[in-house]
Each structure stands twice: as structure tokens, then as C-alpha cells.
Amino acid sequence: MTVGNTVQLSGSAQRANSPDLRKTGIHPDYWYPVAPCKRLKKGKAIGVRFAGDPIVLVRTENDTLFALEDRCAHRQIPLHVGAVKGEHIQCGYHGWTYDATGKCVSVPYLSKDKSLPNGVRSYPCREAYGLIFVYPGDKANLESAIFPNIPTHANPRYKTRYLDRQVHCHYSFMHENLMDMNHQFLHRRLMGSIKTVLMDLRKGKGWIEADFTFARATGKQHIGEKFILRRRSQPGEEVGRDLMTIRTEYPYQTLKFWRAGSEEPSLDLWNVYVPVDREQRINHTFGLMMFRKPSIPGLMNLLWPFIIWFTEAIFAEDRWIVELEQKAFDLQGADWNQEIFPLIQGLRQVLVQQGIPLPS
Ligand code: FES
Ligand SMILES: [Fe+2]
């Protein structure tokens, strides 16, 4: 039904999708990457955002990393426009200076007999896998926040490609997009017609995962896809089935692909979609795509440009479609989706149950 410029859904349809996943905020009591390590040089500061909260990341000349609220306690100027001085950051306006805990340690024009003003909030912060992580949640729960474990990243048999980009949609669209293998139709020009078969679905508190296998119906195989997704059998060799396992373990998502008969995955993907804005309609996608190197030395370097091209082309299609989903949600003002795939229904439950309501 359309009323004026507003499209409305019947009450029963609205209730069917309640609570609204797209109005669910990501839970802050986890470790989230906010920037690649290489973006932050020694003696510099950069500003990032987590769900609308400005955060300044500081790397001192001694390579000490810290994260604070990105605002000066004096007149709210972003601290990242200031200067890193020794182990401190100094605001660019009047020079108030903060240490790694956010304490104000100096006001250049304050007489010695006066006490220093309050400082700003600090965030637990650490570097791993080429990424800077912060913990934006309740510090009382920090101990129970499990830091992501990504052992393949250090495995010399793998080469890592980083994903680092903003996508204009709620993080839930990203989880659904990767997990819903029924959307291969979107990629038909790049991948031909691949039939995905759901083999198994498992779920527990805060996680859900599914196994898929593949069959090609029609279409030509692309060289990048051949390397990533398919296994070419050797003469006389018994070939089982390729297997893909996709898992959302809140708030992270992984995808592993094994060629038939192989113990090690050919592709091991770790992703997280970090809300940027307060409304959480923009996410910063950070990902590690770890590809197992072929046994022939140097072949990976030869294949790498094709892998980059192919994964970029796939990602561009996914970005286009999830941003259209967000636009449809914005127009409708509510979630009208009729989800019929039990895996995605289960995923939506995980994301709602683990998230927090966004302030309306
Ligand atoms: S605004 Fe930061 S020192 Fe005044
Ligand atoms: Fe896709």
C-alpha cells in the first residue's frame, strides 16, 4: 500500500519480521578491526569510527599503539588532527596532552598549583593479522571477549589478500549475502551457472554454519574461479565432492573451501563487517582471504592478478546488490523480506539474539 510518498506494509507482515534485524545494532563487547596496521605510521594518529563513535588510533615513535575517544576534553576537537609527542597525543588547538590511558597529563597554560581536568575514554587496542583491533564494549566484559583466532594467516603455504572497504548497508546484509549460496545467480556472468547443494546445517548459541557442495549446470568456467572453486581430477583418481563451509560465529564470519580429497582448505576466508555510522547503515568490511599456494613454486604470483581481478569482480556484484537491499529497506522503513531458506532464517535469529536494539 502507498500512502503519499510512504510505502506501507500491512500490520501482520510487519510483525512477521519483528524485531527488525536491520534496526539491530552490533554488540560492542567484541574485538573489532578498525584499520589496517599499515595505515598508521610511527609518530602519527588517525581517526576511525565504530558505530558512530569517533576513535583516535595513535602510534608513537616507540611503536606503542593506543586508542582514545577522538575528542579533546576541552573543546571537542578531534585529537587525530593534533600531534603525537613522545608517548602522548597533544590536541592541535590549545595543546592539552593525553597519555595512553586517556588521562590529561598537561595543559600548557595551567599553573602548577591547579589540578588537571578530566581526560577522555580509552579503548583496549591491539594489532594482529595486519589489522588494528579495538574493544569498544563494556570493559567489565573484556576478559570474556575472545580474540579472533586465525591460524591460517601465519601459515606460509597461504597467501593473504586483504579486504578493506566501506559498503553502504547494514552489516546483516553482508552476513546474509555470503552465507546464502542460492545467490550464485547474481554471479552468473562470472561463474556460469553453479548449482549449490546444502549438505548440512548446524547451529548453537551465537553461531550457525552450513556445508555446501557444487555442481555446474551450464556456462564456461573462468580461470580465477577454476583456481578458487574447482578441482581438476587427475586420470584414474577418485574424486569426492568439493566442500564449502560457511560459518557465522557472532560477530565474525568464515568461509572455507576444500577441494575434494584435500585435508587443507584451498580458500580460508575470515570477515567482519564493522558498523561505521550510528544508524549502522554503513559497514567497513575487513577480511582476510587466504589462498593456499599451488605446489609449483612461483605459480601463485603468476595467478595472483587473476585472483585479484576475479574476487574484485565478484565483490563488486555483491556490493551492488546489498546496497540495493539497504536502499529498499530505507524506502520501506521496515523489513518486508520473505525469507524462505532455513539457513538464512537461522542466521537472522543469531544476529538478532546477539545484537542490541539501535536507539530509535
Ligand atoms: S580544544 Fe583541545 S586543547 Fe583546546
Ligand atoms: Fe556473492
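Residues numbered from 1 in each chain as written. Chains lettered and ligands numbered in written order. Predicted model: local features only at pLDDT ≥ 70, side-chain atom pairs only at ≥ 80, totals over all residues. Heavy atoms only, no water.

**Considerations on unusual backbone geometry**
Right, so step 1: Following Tyr250, the chain continues into Pro251 via a peptide bond in cis, with omega recorded as 0°.
Right, so step 2: Along the chain, Pro251 falls in the loop between strand 18 (243–249) and strand 19 (252–258).
Right, so step 3: Positive phi, normally seen in glycine, also occurs at Asp63, with a value near 70°.
Right, so step 4: When you line up the elements, Asp63 lands in the loop between strand 6 (53–59) and strand 7 (65–69). (Helix = DSSP H or I, 4+ residues; strand = E, 2+ residues; numbered from the N terminus.)

**Observations regarding helix 6 (residues 342–354)**
Right, so step 1: Between the first and last C-alpha of helix 6 there are 18 Å, a value that for 13 residues agrees with the 18 Å anticipated at 1.5 Å per step.
Right, so step 2: Among all positions in helix 6, only Leu343, Ile344, Gly346, Leu347, Arg348, Val350, Leu351 and Gln354 are buried. (Expected span 1.5 Å × (residues − 1). Buried < 20%, exposed > 50% of the residue type's maximum accessible area, 1.4 Å probe, protein only.)

**Thoughts on the coordination of the iron ion (ligand 2)**
Right, so step 1: Listed as protein donors to the iron ion (ligand 2) are His183 (NE2), His187 (NE2), Asp318 (OD) and Asp318 (OD); their distances from the metal cover 2.0 to 2.4 Å.
Right, so step 2: Coordination at the iron ion (ligand 2) comes from four donor atoms whose angles at the metal span 57 to 147°, giving a geometry best classed as irregular. (Donors = N, O, S within 2.8 Å, 3.2 Å for Na, K, Ca; no water. Tetrahedral: all angles 85-135°; square planar, octahedral: opposite > 155°, others 65-115°.)

**Topic: the packing of helix 2 (residues 171–179) against helix 5 (residues 299–332)**
Geometry of a packed helix pair, given as the angle between the helix axes and the separation of the axes.
Right, so step 1: In contact at an axis separation of 10 Å, helix 2 and helix 5 are set at 135° when each is read in the N-to-C sense. Here helix 2 is positioned oblique relative to helix 5, judged by the angle of their axes. The handedness of the crossing between helix 2 and helix 5 is right-handed. Taking contact as the criterion, the partners of Phe173, Met174 and Asn177 in helix 2 are, on helix 5, Phe315, Asp318, Ile321, Val322, Glu325, Gln326 and Phe329.
Right, so step 2: In terms of residue class, the contact of helix 2 with helix 5 is made up of six nonpolar, two polar and two charged. (Axes fitted to C-alpha atoms, helices over the stretch in contact; angles between N-to-C directions. Parallel < 35°, antiparallel > 145°, perpendicular 65-115°, else oblique. Left-handed = near helix turned anticlockwise from the far one by under 90°. Contact = heavy atoms within 4.5 Å. Nonpolar A, V, L, I, M, F, W, Y, C, P; charged D, E, K, R; others polar.)

**Observations regarding the pairing of strand 18**
Right, so step 1: With respect to burial, strand 18 is a largely interior element, five of its seven residues being buried.
Right, so step 2: Hairpin geometry of strand 18 and strand 19 is characterised by an intervening segment of two residues between the two adjacent antiparallel strands. (Pairing = 2+ DSSP bridges.)

**Notes on the packing of helix 2 against helix 6**
Right, so step 1: Their axes nearest at 10 Å, the elements helix 2 and helix 6 cross at an angle of 150°. Put simply, helix 2 runs roughly antiparallel to helix 6. Here the hand of the crossing between helix 2 and helix 6 comes out right-handed. Seen from helix 2, the contacting residues are Ser172, His175, Glu176 and Met179; seen from helix 6, they are Leu343, Ile344, Leu347, Arg348 and Leu351.
Right, so step 2: Broken down by class, the residue content of the contact of helix 2 with helix 6 amounts to five nonpolar, two polar and two charged.

**Comments concerning the pattern of salt bridges**
Right, so step 1: According to the stated counting rule, one finds 20 salt bridges in the structure shown.
Right, so step 2: A salt bridge links Arg161 to Glu312, with the shortest nitrogen-to-oxygen separation between them at 2.7 Å. Of the two residues, Arg161 sits in strand 15 (residues 158–167) while Glu312 sits in helix 5, which places them 151 residues apart along the sequence.
Right, so step 3: The partner of Asp268 in a salt bridge is Lys256, and the shortest N-O contact between them spans 3.2 Å. Pair noted here: Asp268 is in strand 20 (residues 267–275) and Lys256 is in strand 19, with a separation of twelve residues, a long-range link. (Salt bridge = Lys/Arg side-chain N within 4 Å of Asp/Glu carboxyl O.)

**As for the nonpolar core**
Right, so step 1: Grouped together as the largest cluster of nonpolar side chains are 79 residues, with contacts concentrated most on Leu57 and Trp270.
Right, so step 2: At ten residues, the largest contribution of residues to this core is made by helix 5.
Right, so step 3: When residues are assigned to domains, this core turns out to be shared by domain 1 (41–125) and domain 2 (151–357), each giving three or more.
Right, so step 4: Within the second largest apolar cluster, 14 residues are counted, among which are Leu68, Leu79, Trp96 and Tyr98. (Core = buried A, V, L, I, M, F, W, Y, C linked by side-chain atoms within 4.5 Å. Domains from an automatic or database assignment.)

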